[in-house]
Amino acid sequence: DERVQLWALGTFYYNTLGHQWRNNTNWMTNVTVCEWHGLTCDDYDDDDDDDDDEQGKKGMVTEIHLPNNRIRRDLPNEFTLLTKLRYLGLANNML
């Protein structure tokens, strides 16, 4: 569910001092999470010109790539709610 995913990612952002990350482009903004820096989604289509039924489909986060990003503190328990997550790249942070 998109709302659960948004809750989990928002909790991650705030618990790890996201406002201090090196790159937090689009995090906690009105764009889809699939456009947030470091996130990869499945089944995401941002092509609004296509008449296909999948147009604008919002995918679920499958990968997080945020190495060397000044991420601090522990990962929140809500992180386990990211059920489609297959890769977590947080090397060289302060976790």
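Scroll up for the structure.
A few points on the structure. Owing to the predicted nature of the structure, the values given are computational and were not obtained by experimental measurement.

1. Re the overall build of the chain
- Along the backbone of the chain there are 1 helix and 3 strands.
- Taken from N to C terminus, the helices and strands of the chain fall in the order α-β-β-β.
- A total of 95 residues make up the chain; the buried ones form 37% of that total.
- Across the chain, the fraction of contacts at a sequence separation of at least 24, relative to all contacts at a separation of at least 6, is 50%.
- In the structure as shown, the chain presents an accessible area of about 6,000 Å², 43% of it carried by carbon and sulfur atoms.

2. Some thoughts on the pairing of strand β2 (residues 61–65)
- Across 3 bridges, strand β1 (residues 39–41) lies against β2 in antiparallel orientation. Bridge assignment links Leu39 to a residue of β2, and that residue is Ile64.
- Sheet topology note: the β2/strand β3 (residues 87–89) ladder contains 3 bridges and is parallel. Directly across from Glu63, in β3, lies its bridge partner Tyr87.

3. Regarding a nonpolar patch on the surface
- The grouping of Val4, Trp7 and Leu81 at the surface amounts to a nonpolar patch, some 290 Å² of accessible area in total.
- For Val4, a relative accessible area of 34% translates into the label partly exposed.

4. Quick notes on unusual backbone geometry
- Not every positive phi belongs to a glycine, and Leu17 is a case in point at roughly 60 degrees.
- We note that Met28 has phi near 60 degrees; this positive angle belongs to a residue other than glycine.
- Mapped onto the fold, Met28 is located in the loop between α1 (2–15) and β1.

5. Observations regarding the nonpolar core
- In terms of nonpolar packing, the biggest core is built from 19 residues, with Leu9, Phe12, Trp27, Leu39, Val61, Ile64 and Leu66 touching the most fellow members.
- Residue assignment for this core shows that the elements contributing at least two residues are α1, β1 and β2.
- Examining the composition of this core, we find that 4 residues originate from one element, α1, more than from any other.
- Not counting the four nearest positions on each side in its chain, Trp27 is found in contact with Leu9, Phe12, Tyr13, Trp21, Trp36, His37, Leu39 and Leu66.

Reading the values: rules and limits
Residues numbered from 1 in each chain as written. Predicted model: local features only at pLDDT ≥ 70, side-chain atom pairs only at ≥ 80, totals over all residues. Heavy atoms only, no water. Helix = DSSP H or I, 4+ residues; strand = E, 2+ residues; numbered from the N terminus. Buried < 20%, exposed > 50% of the residue type's maximum accessible area, 1.4 Å probe, protein only. Contact = heavy atoms within 4.5 Å. Areas by Shrake-Rupley, 256 points an atom, 1.4 Å probe, with all protein chains shown as cover. Pairing = 2+ DSSP bridges. Patch = residues over 30% accessible without salt bridge, like charges linked within 9 Å, V, L, I, M, F, W, Y side chains within 5 Å. Salt bridge = Lys/Arg side-chain N within 4 Å of Asp/Glu carboxyl O. Core = buried A, V, L, I, M, F, W, Y, C linked by side-chain atoms within 4.5 Å.

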